[in-house]
Amino acid sequence: MRLLIAFLILISAASGECRDKIILTGTAVFGTCPMIMMAEDKLFEANGFDAEFIPWNTPDQYRALISSGKQVYALISTLEYVRLNKSVRDMSSMFTVEGSQLWFMGRKEKMSLDDLREETVALPFRGDMPEIMLGMLLAKRGISTEDVKIVSAGGAVNSAQLVMTGKAGSVMLPEPVAGTVKDISSSRKGLVPLYYSLSVEDEWNRQYNGNPPLVLNVISGFSTGKETDEIFMKYYGSYFEQCKKSDEAAVNAFIRYFPSLDKKSTGRLLSSNTDRLKTLEDGSSNLNNFISLMGKHAVKAY
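For the structure given in this document, a descriptive report is provided here. (Residues numbered from 1 in each chain as written. Predicted model: local features only at pLDDT ≥ 70, side-chain atom pairs only at ≥ 80, totals over all residues. Heavy atoms only, no water.)

Remarks on the packing of aromatic side chains
Part 1 of the reasoning: A complete count under the given rule lists 13 aromatic pairs for this structure.
Part 2 of the reasoning: Plain terms: the ring middles of Trp56 and Tyr62 are 4.4 Å apart, the flat faces sit at 55° to each other, and that makes the pair tilted. The two residues Trp56 and Tyr62 agree in class, both being buried.
Part 3 of the reasoning: Seen in terms of ring centroids, Trp103 and Tyr196 are 4.8 Å apart; in terms of plane orientation they differ by 65°. Their pairing is edge-to-face. In this pair, Trp103 sits in strand β5 (residues 102–106) while Tyr196 sits in strand β9 (residues 195–199), placing the two residues 93 residues apart along the sequence. (Phe/Tyr/Trp six-rings, centres within 6.5 Å; stacked < 30°, edge-to-face > 60°. Buried < 20%, exposed > 50% of the residue type's maximum accessible area, 1.4 Å probe, protein only. Helix = DSSP H or I, 4+ residues; strand = E, 2+ residues; numbered from the N terminus.)

What follows is the structure in structure tokens.
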């Protein structure tokens, strides 16, 4: 496929300059990998558009991009999808991602939700998807969020440091950030070693029997046109499957945009991934059922 794309780029270059600027943006989770590789392979350039991938590390960063008026394709949380659906007119959502490599990273090798009672839990950010998930799991277990102290240091690594320095009992993190901070905690003196203490998806399946499945991310376009939407819809799925092969090019590209991640954890994110991609049409029932549960159990967060 890459040879074909390169040939198309040559044809496009001969016919004139690229017509418009496309921005692809996502954070350090699996659903971002296809957009990185689309940018690396110059997929849009082959069709006459200039494009670049811009990573985001805080919600404010991608909010600034999607409100810029530029053509943006973004990986957003389901919580953000709910918020933006109410206020943004030029959003066209295309895919849902079912499944998650979100973990409770703690000081014990294994833990249960009951262990969180009277415990301090660190989150990358307050009022975002991990807090929604925490509230939904606790509610199903019959544990009040009032029984858990929730803190954040503003970012995944900063919040993980609260656990590594003994100021919190666990932190919720997605892979590959989870594996990166685990390696840091076990290799540096004076830090509390972290473990993969509890899988959020495993706990969700125990509590909810996997019905609906976890739907934590939505892929959406903002201020985009019909032609670029067709290109994105046509190729994102194939790149999604390609990323699961965890070849060296994909791993290296991922950590080039997210240099704080280590290669081993990033390779594990790609090679062991079980996330399922669905078009919005095919995934709308699960998405809507998941959103209904969000409203039932986590109203305060949104």
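Let's talk about unusual backbone geometry
Part 1 of the reasoning: Here the residue pair Glu175 and Pro176 is connected by a cis peptide bond, since its omega of 15° sits within 30 degrees of zero.
Part 2 of the reasoning: Asn211 connects to Pro212 through a cis peptide bond whose omega is 0°.
Part 3 of the reasoning: Tracing the sequence through the fold places Pro212 in the loop between α8 (200–208) and β10 (215–222).
Part 4 of the reasoning: Positive phi is not limited to glycine here, since Glu118 has a value of about 60°.
Part 5 of the reasoning: Even without a glycine there, the phi angle at Asn209 is positive, about 55°.
Part 6 of the reasoning: Among the structural elements, Asn209 can be located in the loop between α8 and β10.
Part 7 of the reasoning: For Asn209, a relative accessible area of 67% translates into the label exposed.

Re the side chain of Glu80
Part 1 of the reasoning: The topology assignment puts Glu80 in helix α4 (residues 78–87).
Part 2 of the reasoning: Owing to a relative accessible area of 3%, Glu80 belongs among the buried residues under this scheme.
Part 3 of the reasoning: For Glu80, the contacting residues outside a window of four places in its chain are Tyr62 and Arg63. (Contact = heavy atoms within 4.5 Å.)

Digging into the state of the cysteines
Part 1 of the reasoning: Counted according to the given criterion, the structure contains one disulfide.
Part 2 of the reasoning: Two residues, Cys33 and Cys243, share a disulfide whose sulfurs are 2.1 Å apart. A torsion of -90° about the S-S bond marks the disulfide between Cys33 and Cys243 as left-handed. Within this pair, whereas Cys33 is found in helix α2 (residues 33–40), its partner Cys243 is found in helix α9 (residues 226–243), the two being separated by 210 residues in sequence.
Part 3 of the reasoning: A residue is classified by how much of its surface remains accessible, and Cys33, at 1% relative accessible area, is buried. (Disulfide = S-S within 2.5 Å.)

Let's talk about the layout of surface pockets
Part 1 of the reasoning: Roughly 750 Å³ of volume is contained in the largest pocket.
Part 2 of the reasoning: Lining the largest pocket are 40 residues; nearest its centre among them are Thr27, Ala28, Val29, Trp56 and Pro174.
Part 3 of the reasoning: For the lining of the largest pocket, the elements supplying multiple residues, two or more each, are β3 (71–77), α5 (129–141), α6 (156–164), β8 (170–174) and β10.
Part 4 of the reasoning: No other element matches β3, which puts three residues into the lining of the largest pocket.
Part 5 of the reasoning: Residues that form the lining of the largest pocket fall into these classes: 25 nonpolar, twelve polar and three charged. (1 Å grid on protein atoms, 1.4 Å probe; cavity = no way out; pocket = protein on both sides within 12 Å on 5 of 7 lines; lining within 4 Å. Points joined across faces, edges and corners; volume = space filled by probe spheres on them. Nonpolar A, V, L, I, M, F, W, Y, C, P; charged D, E, K, R; others polar.)

A look at the sheet that holds strand β1 (residues 21–26)
Part 1 of the reasoning: With mixed pairing, six strands are arranged side by side in an open sheet as β2-β1-β3-β10-β4-β11. Each edge of the sheet is formed by a strand with only one pairing partner; in this case those strands are β2 (50–55) and β11 (276–279). With strand direction ignored, the average angle separating the axes of adjacent strands in the sheet is 20°.
Part 2 of the reasoning: Bridging between β1 and β3 involves four bridges; their strand directions are parallel. Its bridge partner lying in β3, Thr25 is registered against Ala74.
Part 3 of the reasoning: Of the strands in this sheet, β1, β3, β4 (91–98), β10 and β11 are in contact with α9, which crosses β4 at around 10°. (Pairing = 2+ DSSP bridges. Axes fitted to C-alpha atoms, helices over the stretch in contact; angles between N-to-C directions.)

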